[in-house]
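# Descriptive analysis of the structure
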Amino acid sequence: MTKSSRLFEAYLDRVDLIVILVPKTYAGGHIRSFYLTGNDRKEPLTFNKKSDLSNYIKYECPLSFYVQIGQEYQVTDEWGAQTDLQMGAVIRTDEFDSMFHYTGNDLGVTYAPQKSTFKVWAPTATKTRVKIINPETGREREVGMNREPQGVWSCSVMENIEGCYYAFTVYVNGVWREANDPYAKAMTANSQYSVVVDLRKTDVNVTARPPMQYETDAIIYEMHIRDFSIHPHSGIKQKGKYMGLTEERTRGSKGQVTGMDYLKDLGITHVELLPVNDFGGVDELQPEKSYNWGYNPLYFQVPEGSYASNPHNPYTRIKELKQVVNTFHQNGLRVILDVVFNHVFVREESSFEQLVPGYFFRHDQHGMPSNGTGVGNDFASERAMARKFIVDSVLFWLKEYNVDGFRFDLMGILDVETMKEIRMKLDAIDPSIMIFGEGWDLNTPLSHERKATIQNAVLMPRVAHFNDRFRDCIKGSTFNLYDRGFALGHTHRKGDVKQSIAGSIALVKGEKGLFCHPNQTINYVESHDNHTLWDKLRKCNDFEDEVILRKRQRLATTMVLLSQGIPFIHSGQEFCRTKQGVENSYQSPDHINQLDWNRQYAFRKDVEYIKGIISIRKHHGAFRFTNAPSIRRHFSFLETSDHLVVYQLLNVKEYGPWSAIMVAFNQDTFAQSFSLERKGIWYIAADDRYAGTTPCGTIKKTDITVSPVSTLVLFQP
């Protein structure tokens, strides 16, 4: 029976409620009696509510018994017309979640040479099969699957099927649907089929993670795999590919260090890779013809094929991505994955929607899919099996690929309990694994207190958030190109600037800060989204020459690096990266998105300066306190003019080689002065021209002058 042949429709909307919709074109919509048949029973249905809708008459029939989900039932009217009972809104009830919450760790395919076992969660299906395709002959066969508890279907194939393609077919609501495995670990090119692989054939000799004690020790460098190497003068041979990231001793056209060696020399600790899981928008067989950042997720546990040297071979992308992570570890760098669990590329075509229609996505009060993400669907992380999928996927990447952290795209769409469970599960394995994300409050049908937003940061200890207040008060609004923050010349938000520099905590106990502790703030002024800082500077400070603009770029980046919290830098920010004024370049060609290694050479003085600032941050623990009480104890601001922010770190010998530190940020095009409260000889670690741990001079007087648009860092040994 298909939908087109139904005279009327019946839905199970709760475990104890059937809703029947009779079109007015059939008997005027008025039926006096119904009964339910199926599973060896026949029961009359009594409706307690009848509603007149525009094109239907709606009947609500409470049940005195539970129908068995996964069995076929029919509803018959007084004249003998019959329709199948479809699974309706019941799938979004707590009772459904309780009945079908599967806790096993074996969904997908479990491969062994002598036997492979397939398992898929499809509780609303009444029949399920797995289609297996021989990749050499193209021969297809279907194997029936058996229903197990909690809505899981399984079957075993007693032979070696390594390399075979497969897909699940499920019979739900009278329709056969085919879907790839959401738990697939490998795919054919362009995601046509899931593939059975032996993951042990992809193992590498794992290098231990570089040591990291606290989250605030991290200096994160965000980059896109293709952008990093695609420039003609990158010196990298395998351009746009996973393996391009592993090349060492590469040089640009001016002989400058590029690639992996450049990252290591810069001094950052973590590389955050824009999405590397399988995504839509790029033809894996002709990747040069299109471009995408990767926020179109298709299969969440499969590496993207367009970055592989051979997308036809399902093993290649797995091996190469593992080698990337391992090479970074060998070079003292940790790897963070940008993960996109808030939505799928196309809801209607996704495996989730095919296997269990309506379950994995949020719906509004009218039963329509919600769209807080702005891309057509919101993943329902609060439901048991949706949450399980997210947690399982995170643990898979951690255990199988040995990654070191996760950046959650649009994390505010997800729920607090999911993020807490992820944090708990990761802590049980390695507490140094980082978790952070975009805690924006988006319009999704989840109550405010359940959203994983900045406002609920107190509910999610050691889950960090991108700090939009830091970004906007120092750079200027992301959503108003011509709004200027502190580093760009305005002084109207100096109070926000000071709190942001202090880790966005309450400096005075009892007041309210944005966060409880500094390890919850990701400080940044630029990311892959929106205009680069340089492009914004060129637009809204077009009245200033390039010399001043470069100083402002340097000032803003330095403020990121010398604030309490976790600093985040967009790749190329240190050499004034431009995307030629393109605001959101997610589909722009390579000449817009590429990391310009010639520019890295042209702006090498800026690079050296930021490199020096990074070394200062790493040199002393007082720049990266782990908790609010330590900041309150040692950190304070001096009274200054509106153009100047000066903070001091006193009695900090226990955290590093300096006993006192003074940092001044001057955003004015004129020199600014302030008076030191602490006398004695101060050493200069950074001024308008130099930055580093070896001092470039000393100051004995108490009246200090800070050069125009610059940073001054002083210390006492």
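To start, this report covers the structure provided alongside it. Quick caveat, the model's predicted, so the values are computed rather than measured.

As a further point, take the sheet that holds strand E9 (residues 108-112). Read from one edge to the other, the open sheet built from four strands follows the order E9-E10-E14-E13, with strand pairing classed as antiparallel. Here the strands that pair on one side only, and so sit at the sheet edges, are E9 and strand E13 (146-147). Looking at chain direction, E13 and strand E14 (residues 152-157) are connected through two bridges and run antiparallel. Bridging from a neighbouring strand, Asn-146 pairs with Ser-154 of E14.

Moving on, we come to the layout of surface pockets. If you roll a probe as big as a water molecule over the atoms, it shows you where there is empty space left. Approximately 1,300 Å³ is the volume attributed to the largest pocket. As for the largest pocket, its lining consists of 36 residues, and the residues nearest its centre are Tyr-11, Gly-88, Ala-89, Arg-92 and Gly-367. Looking at the lining of the largest pocket, the elements that each hand over two or more residues are strand E1 (9-14), strand E2 (17-23), strand E6 (56-62), strand E8 (82-87), strand E16 (175-179) and helix H5 (351-355). Residues of the lining of the largest pocket, tallied by class, amount to 13 nonpolar, 11 polar and 12 charged. By volume, the second largest pocket amounts to about 780 Å³. Classifying every residue of the lining of the second largest pocket gives 11 nonpolar, 14 polar and nine charged.

Its identity is not glycine, yet Leu-410 carries a phi of approximately 45 degrees, on the positive side. Note that Leu-410 resides in the loop between strand E23 (405-408) and helix H7 (416-429). A positive phi angle, near 55 degrees, is found at Asn-651, a position not held by glycine. When you line up the elements, Asn-651 lands in the loop between strand E29 (644-650) and strand E30 (660-666).

With that out of the way, let us pick up the sheet that holds strand E26 (residues 521-523). Spatially, eight strands are ordered E18-E19-E22-E23-E24-E25-E26-E27 in a closed barrel, and the strand pairing comes out parallel. Between one strand and the next, the sheet's axes are offset by a mean angle of 30 degrees, whatever the strand orientation. Sheet topology note: the strand E18 (residues 220-223)/strand E19 (residues 270-273) ladder contains four bridges and is parallel. Pairing of Glu-222 across the sheet is with Glu-272, part of E19.

The rules behind each value
Residues numbered from 1 in each chain as written. Predicted model: local features only at pLDDT ≥ 70, side-chain atom pairs only at ≥ 80, totals over all residues. Heavy atoms only, no water. Pairing = 2+ DSSP bridges. Helix = DSSP H or I, 4+ residues; strand = E, 2+ residues; numbered from the N terminus. 1 Å grid on protein atoms, 1.4 Å probe; cavity = no way out; pocket = protein on both sides within 12 Å on 5 of 7 lines; lining within 4 Å. Points joined across faces, edges and corners; volume = space filled by probe spheres on them. Nonpolar A, V, L, I, M, F, W, Y, C, P; charged D, E, K, R; others polar. Axes fitted to C-alpha atoms, helices over the stretch in contact; angles between N-to-C directions.

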